[in-house]
Amino acid sequence: VAALLFLPWTLCAAAIQITNNVPLTFGNLISGTSAGTVNVSSSGATSTSGGVIAFGGGSAPASFTISIPQGNPNYTVLLAISANLTGPGSSMVVDSFETTPAGSGHIRPPTGFQDMTVGATLHVAANQAPGIYSGTFDVTVTSP
Amino acid sequence: MTSRIFASLAVLAGLLVAPLTATAAQNSATQSISVAANVVGGISVASTVDLDFASLLSGTTAGSVTVSSSGTRSTTGGASTVGGGFTPASFQVSITQGNPHYSIQLPVGSVTLSGTGGSMLVDTFESTPGGPGFVGFAPGGGSQVMTVGATLHVPANQAAGSYSGTFTVTVIQQ
C-alpha cells in the first residue's frame, strides 16, 4: 500500500507543462481603405500585405516553455486554427499559427525544457476602427 | 478476519485506479496565450509647396534671411534679398479616422542646404498653426493646411549659386 501511495506523486512530477507564457503582440497598425494582413512570424519578423501599415515596433511573437521533467521526452504541439480579437470595432481574425521550432520534437535531458515561439497572421478589415483589440489562443502540448 | 481482508482489497483497487486517471491527464497540457493588436487612426501629411528663400545677396558680413510661416520675409546682418518669389512651405495634414487631434514635430536643429558654392544652414523652423504645445484638430476625416517657415544663415561672401536641401515634418495623432 505504501508503494501505491507513492506512485501518483511520481506521475505528477513527470507531467508535461507549459510555462513562461508571453503574449503575441502585433504592435501598432494603421488600417487602410483596403483590407490587409499583418504577419508576426515565430522568428520575430513583421510583414504586412494589402492596405495595412505597421509602425513603431512593439510587435513580437508569443513564447512559452515546454517542460517534461521526466518520462517520455517526446512532445507534439497543437495550435489553434484561428482566434478572434475583439475591440472597439468589428472583431479581427488571427490565423496561420506556426511555431519555432516547428511541430513536434523531444526534450533532451538534462534540461528538461524547450522554449517555443509562436507567430500568426492578423487580418485587418478596411477602415478597421481604431483601438486596442485582444483575444486568446490555445496551445496544447501532448506527450505520448 | 475475513471482513478485514475485503476492506483492504477495496482500498487497493481505489489506489490503482487513481494513478491511471492521473497518467491520462498529465500527458497533455493546454495553455491560453493572449494576443493583442493596437489599431491607430490614419493620419498623413503631404508636402504641397516647398520652402523657398528665393534670391538673395550675401554681404561682407554674415547674415540671415527668414521666411515666416505667415508668409513674410526679413533679413539680418549682411544678407539682403532681391525680388520676390519667396514662400513658406505648405503641408496638408489629413486624418482619415480616429482621434482628430494631432501634434506637429518640426526639425529641432538645423538642416543643410548644399549647392555649387558650398553649404548653408537653415534652422528655427516654426509652423502656422503651431507653436509650443500646439494640438491640431482635423475632425470628420478632414484635412488642415500647415505652413512652415525657417531662417537661412548666409555666411559672408557666400558663393553665388542655387542651394537646396530637405527637412522633415512629422504629425502625430493623439
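Residues numbered from 1 in each chain as written. Chains lettered and ligands numbered in written order. Predicted model: local features only at pLDDT ≥ 70, side-chain atom pairs only at ≥ 80, totals over all residues. Heavy atoms only, no water.

Novice: Help me out: how do you make sense of the overall build of chain B in this one?
Specialist: Secondary structure summary: chain B contains one helix and 14 strands in total. Burial status across chain B gives 31% buried among its 174 residues. In chain B, of all internal contacts separated by at least 6 residues, the share reaching a separation of at least 24 is 71%. For chain B, the computed accessible surface area is about 9,100 Å², with 59% contributed by carbon and sulfur atoms. (Helix = DSSP H or I, 4+ residues; strand = E, 2+ residues; numbered from the N terminus. Buried < 20%, exposed > 50% of the residue type's maximum accessible area, 1.4 Å probe, protein only. Contact = heavy atoms within 4.5 Å. Areas by Shrake-Rupley, 256 points an atom, 1.4 Å probe, with all protein chains shown as cover.)

Novice: Hey, could you run me through the interface of chain B and chain A in this one?
Specialist: Note: interface size is frequently given as the accessible area lost on complex formation between the parts. At the interface, 24 residues of chain B touch 47 residues of chain A. Across the chain B to chain A interface the summed buried area is about 3,100 Å²; carbon plus sulfur atoms make up 61%. Three residues, Ile-33, Val-35 and Val-39 of chain B, lead the burial of chain B against chain A; their summed loss comes to 24% of the area buried on that side. The interface formed by chain B and chain A holds 17 residue pairs in polar contact (both at pLDDT 80 or more) in total. Elements that contribute at least two residues to the side of chain B that touches chain A include exactly helix H1 (2-26) and strand E1 (28-40) of chain B. (Buried area = accessible area lost by both parts, 1.4 Å probe. Polar contact = N/O pair within 3.5 Å; in protein donor to acceptor, adjacent residues only side chain to side chain.)

Novice: I keep staring at the pairing of strand E7 (residues 74-79) of chain A and nothing clicks. Help me out?
Specialist: Within a regular beta strand, the side chains point alternately toward one face of the sheet and then the other, so they alternate between its two faces. All names here are of chain A. Of the pairings in the sheet, the one linking E7 to strand E10 (residues 104-106) comprises three bridges and is antiparallel in character. Each bridged residue has a counterpart across the sheet, and for Asn-74 the counterpart in E10 is His-106. Direction of pairing for E7 relative to strand E12 (residues 131-142): antiparallel, over a ladder of four bridges. Within E12, the position partnered with Thr-76 by the bridge is Thr-142. (Pairing = 2+ DSSP bridges.)

Novice: I tried to follow the sheet that holds E10 of chain A on my own but got confused; where do I start?
Specialist: Hydrogen bonds along the backbone pair up the strands of a sheet, which may run parallel or antiparallel. Taken together, the six strands give an open sheet; going across it, the order is E5(A)-E2(A)-E1(B)-E12(A)-E7(A)-E10(A), and neighbouring strands pair in mixed fashion. Of all the strands in the sheet, the pair left with one neighbour each is strand E5 (53-55) and E10 of chain A. Within the sheet, the average angular offset between the axes of one strand and its neighbour, ignoring direction, is 30°. Inspection of the sheet shows strand E2 (residues 24-30) of chain A paired to E5 of chain A by three bridges, in the antiparallel sense. Its bridge partner being in E5 of chain A, Ile-30 of chain A is matched across the sheet by Ile-53 of chain A. (Axes fitted to C-alpha atoms, helices over the stretch in contact; angles between N-to-C directions.)

Novice: Which parts of the structure should I look at to understand the packing of aromatic side chains?
Specialist: How two aromatic rings sit relative to each other is given by the distance of their centres and the angle of their planes. Residues and elements named next belong to chain B. Applying the stated criterion across every chain yields a total of four aromatic pairs over all chains. For the pair Phe-91 and Phe-167, a centre-to-centre distance of 6.1 Å together with 80° between the ring planes defines the contact as edge-to-face. Separated by 76 residues along the polypeptide, Phe-91 in strand E7 (residues 89-95) and Phe-167 in the loop between strand E13 (163-164) and strand E14 (170-173) bring together distant segments of the chain. Ring plane angle 35° and centroid distance 4.7 Å describe the contact between Phe-125 and Phe-167, whose orientation is recorded as tilted. One end of the pair, Phe-125, is in strand E10 (residues 118-128); the other, Phe-167, is in the loop between E13 and E14, with 42 residues separating them in the sequence. Joined through ring pairs, the aromatic side chains of Phe-91, Phe-125 and Phe-167 make up one cluster. (Phe/Tyr/Trp six-rings, centres within 6.5 Å; stacked < 30°, edge-to-face > 60°.)

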